[in-house]
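Listed here are the chains, written in short residue letters.
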Amino acid sequence: MSNFTYHCHTTNSDGKNTPLEMMQRAKELGFKSIGITDHFSYHPNNDDHSPWDMSTVDKAIDYWLKCYDKVQQAAAQVDIKVLFGFEVDFYKSARWRSDFEKILARCPYDYLLTSTHYLRNADESKRISIFHTGPNGTYEDELLDSFWDTTAAAVQSGYFDFIGHMDLFEHRGIAKKAYTDEKARVFELMQRVHMAAELNTGAKRHGALFYPSETFLKEMLPYDISLMVNDDAHSTEQLGTCFDEAEDLLARIGYTNRIDLAQK
Ligand SMILES: [Zn+2]
Ligand SMILES: [Zn+2]
């Protein structure tokens with residue numbers, strides 16, 4: 001049974017509880033460690049007005065350092081190992097990467113995870129949240145093709161320790177094809193650079209499937225990709241939810257390659 005989570009959210013972005021409340025609850029649950037990963041969605045064209053909106057490098061750095069300070073202040077008050085990172089929306093463009101490197105040069109972190117939350121067009125002028133898509137919508141091929149393409153580039157970028165909810169795209173029922181070759185390419189790249197993935201229990205607790213699904217995990221299995229179970233908790237009640245079912249699934253399909261970032 002996992003006694004950690006390395007993917008959860010706090011009031012620094014869209015979570016309901018403060019970093020301290022999340023850490024205290026993790027401690028009560030017997031977790032040995034917790035990684036706080038609020039959203040990092042910097043893009044020069046960023047037009048959303050979420051609380052973690054960041055449309056310039058300076059705003060992004062300011063947000064990052066504020067999150068870091070809050071997490072460190074809370075960590076000093078609890079007896080549990082705390083890691084600090086972000087759930088980063090990666091973009092392929094040279095402009096984004098150059099800006100991201102400026103941000104990384106100024107900002108501390110223990111690890112980074114990347115999740116693809118948006119379909120986007122080639123020049124990154126348009127993006128659609130995958131959470132707002134569904135099987136009845138029609139989406140241009142350019143947008144649909146961007147999912148695995150962006151994920152592959154994120155793996156190759158070398159910025160990230162693991163990928164969050166890898167098959168989100170498949171859960172929405174919007175793809176017009178199986179993307180078999182594209183997925184195999186991502187798995188091969190992950191194997192080559194020893195990049196990990198998560199089994200995310202976030203959707204499972206709402207009655208849907210795990211991310212990735214059992215089918216997807218079986219496709220991943222031959223590539224020997226390290227896996228961790230994370231809850232993607234957005235509140236204290238969501239910490240550790242469905243971890244037993246996740247362990248049962250992994251045991252049943254023989255997925256034994258596991259990783260604990262705190263032991264790295
Ligand atoms: Zn996410
Ligand atoms: Zn998340």
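For the structure itself, look to the data block above.
A. Representation of the overall build of the chain. A tally of helices and strands in the chain yields eight helices and nine strands. What you see for the chain is a C-alpha radius of gyration of 18 Å, in line with the 18 Å of a compact globule of 264 residues. Referenced to the eigenvectors of the C-alpha coordinate spread, the extents of the chain come out at roughly 50 × 45 × 35 Å. Considering the chain as a whole, with its 264 residues, one finds that 39% of them fall into the buried category. Summarising the internal contacts of the chain: among those between residues at least 6 apart in sequence, 81% fall at separations of at least 24.

B. Main features of the nonpolar core. Formed by 59 residues in total, the largest nonpolar core has its most connected members in Ile34, Phe162 and Ala197. Contacts of Ile34, omitting those with residues within four sequence positions, involve Phe4, Thr5, Cys8, Met22, Met23, Ala26, Ile80 and Val82.

C. Up close: the environment of Leu239. Within the element layout of this structure, Leu239 appears in the loop between β9 (227-230) and α8 (243-253). Note on Leu239: 21 C-beta atoms within 10 Å, which makes it buried. For the pair Leu239 and His7, spaced 232 residues apart in sequence, the C-alpha separation works out to 9.9 Å. Ignoring any residue separated from it by four or fewer positions in sequence, one finds Leu239 in contact with Thr5, Cys8, Met22, Arg25, Ala26, Leu29, Asp231 and Ala233.

D. Just the environment of Asp167, in detail. Within the secondary structure layout, Asp167 lies in the loop between β7 (162-163) and α5 (168-171). Asp167 sits in the buried class, given 23 other C-beta atoms within 10 Å. Each residue touching Asp167, except ones within four places of it in the same chain, is listed here: Tyr211, Pro212, Ser213 and Phe216.

Scoring rules and cut-offs
- All residue numbers here refer to positions counted from 1 along the written sequence of the relevant chain.
- Working convention: letters from A go to chains and numbers from 1 go to ligands, in the order in which they are written.
- pLDDT decides what is reported in this predicted model: residues at 70 or higher carry local features, side-chain atom pairs at 80 or more are listed and counted, and totals for whole chains, interfaces and linings draw on all residues regardless.
- Helix and strand assignments come from DSSP, with helices taken as H or I runs of at least 4 residues and strands as E runs of at least 2, each series counted from the N terminus.
- The globule rule used here is 2.2 Å times the number of residues to the 0.38 power, and the radius of gyration it is set against is calculated over C-alpha atoms.
- Residues with at least 20 neighbouring C-beta atoms inside 10 Å of their own are called buried, those with 12 or fewer are called exposed, and the rest are partly exposed, where every C-beta is derived from the backbone.
- Any residue pair is listed as a contact if its two C-beta atoms, each placed from the backbone, are within 7 Å.
- The term nonpolar core refers to a set of buried Ala, Val, Leu, Ile, Met, Phe, Trp, Tyr and Cys residues connected through C-beta atoms within 7 Å.

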